[in-house]
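What follows is the residue order along each chain.
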Amino acid sequence: MIDLPNQTEVEVVDALSDFLAKEAPLERSLQAAQSPAGFDRALLEHLSSLGFFGLSSGSEAGGLGLSQRLVGACCAQAGRVLLGGPWFEQLLAARLLETTDATGLLSELLPGSVLASLPLAASAWRNPPPVMVSGVRARFASGTCVLGFADSVDAWLVPAGNSVTGALVLVRVRPELARTKPRRGFSTLWR
């Protein structure tokens, strides 16, 4: 249990908990996990309309600017109902894009009009595949990346190493089903 210091924070978490209990009961989550997408996109869009994807993003970026402790408590509520889909990736992507001033894509992620996936494995960030960067275009020289819900999202955000400078860059890749290999050996709810 995460201790929240004030009544307002407790009310935010309670409101989210009530919403998820009503809109995302376990039965619905299990049903959505068996769908072709692996999650309930309409539910994530509804959550985005409540500001869920902007929990940790600052108000200047269009987010709610909540403390990390409160964001953690909200994530715990989503985990409690086994909320499926790339909601965690979306939260991380929004915060990462805000930190790097990538406001174009951020303005699409916060309202949920674009669902994105990025790798959660630390190895993808420690040893990113090399990429050739030319202006605003990037071309991967080699490598693979494991993305959750890769065949069901609108954008892939992939870390890469600039082959010239060695800097870590985040590349937005348009999802191409021909480039994916589904890995559904277990329910996506247990990720």
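Residues numbered from 1 in each chain as written. Predicted model: local features only at pLDDT ≥ 70, side-chain atom pairs only at ≥ 80, totals over all residues. Heavy atoms only, no water.

Engineer: How should I be thinking about the side chain of Asp40 in this particular structure?
Structural biologist: Of note, Asp40 is situated in the loop between helix H2 (26-33) and helix H3 (41-49). A polar atom in the side chain of Asp40 sits 3.1 Å from the backbone nitrogen of Leu43. Other than its neighbours up to four places away in sequence, Asp40 contacts Arg28 and Ala32. (Helix = DSSP H or I, 4+ residues; strand = E, 2+ residues; numbered from the N terminus. Polar contact = N/O pair within 3.5 Å; in protein donor to acceptor, adjacent residues only side chain to side chain. Contact = heavy atoms within 4.5 Å.)

Engineer: Even after reading the chapter, I still don't get the confidence of the model for the protein chain, so can you show me in this structure?
Structural biologist: A low pLDDT score tells you not to read the predicted coordinates there in detail. Confidence in the prediction of the protein chain, expressed as mean pLDDT, is 82, and 87% of residues score 70 or more. Under a pLDDT of 50 for its full length, residues 185-191 has, in the predicted model, 17 contacts with residues more than four places off or in other chains. (pLDDT = per-residue confidence, 0-100.)

Engineer: Before we go on, may I ask you to explain a nonpolar patch on the surface in this structure?
Structural biologist: A surface patch of nonpolar side chains, about 240 Å² in accessible area, is lined by Phe88, Leu92 and Leu120. For Leu92, a relative accessible area of 35% gives the class partly exposed. (Patch = residues over 30% accessible without salt bridge, like charges linked within 9 Å, V, L, I, M, F, W, Y side chains within 5 Å. Areas by Shrake-Rupley, 256 points an atom, 1.4 Å probe, with all protein chains shown as cover. Salt bridge = Lys/Arg side-chain N within 4 Å of Asp/Glu carboxyl O. Buried < 20%, exposed > 50% of the residue type's maximum accessible area, 1.4 Å probe, protein only.)

Engineer: Which parts of the structure should I look at to understand the pairing of strand E5 (residues 168-173)?
Structural biologist: The side chains of a regular strand alternate, residue by residue, between the two faces of the sheet. Looking at chain direction, strand E4 (residues 155-162) and E5 are connected through 6 bridges and run antiparallel. Considered in E5, the bridge of Leu157 is made with Arg172. The antiparallel pairing of E4 with E5 creates a hairpin that spans 5 residues between the two strands, and Gly166 there sits at a positive phi of about 80 degrees. (Pairing = 2+ DSSP bridges.)

Engineer: Help me understand the packing of helix H1 (residues 7-23) against H3 in this model?
Structural biologist: The angle between the axes and the distance between the axes are what describe a pair of packed helices. Relative orientation of the contacting elements H1 and H3 amounts to 160 degrees, with a least axis distance of 12 Å. In terms of their interaxial angle, H1 and H3 are classed as roughly antiparallel. Pair H1 / H3 crosses with right-handed handedness. Of the residues in H3, those touching H1 at Leu16, Phe19, Leu20 and Glu23 are Leu43, His46 and Leu47. Residues of the contact of H1 with H3, tallied by class, amount to 5 nonpolar, 1 polar and 1 charged. (Axes fitted to C-alpha atoms, helices over the stretch in contact; angles between N-to-C directions. Parallel < 35°, antiparallel > 145°, perpendicular 65-115°, else oblique. Left-handed = near helix turned anticlockwise from the far one by under 90°. Nonpolar A, V, L, I, M, F, W, Y, C, P; charged D, E, K, R; others polar.)

Engineer: What is the right way to look at the pairing of E4 in this model?
Structural biologist: In terms of burial, E4 is a largely internal element, 8 of the 8 residues being buried. Two elements, strand E1 (residues 116-117) and E4, share 2 bridges in a ladder whose sense is parallel. Following the sheet pairing, Ser117 is matched in E4 by Trp156.

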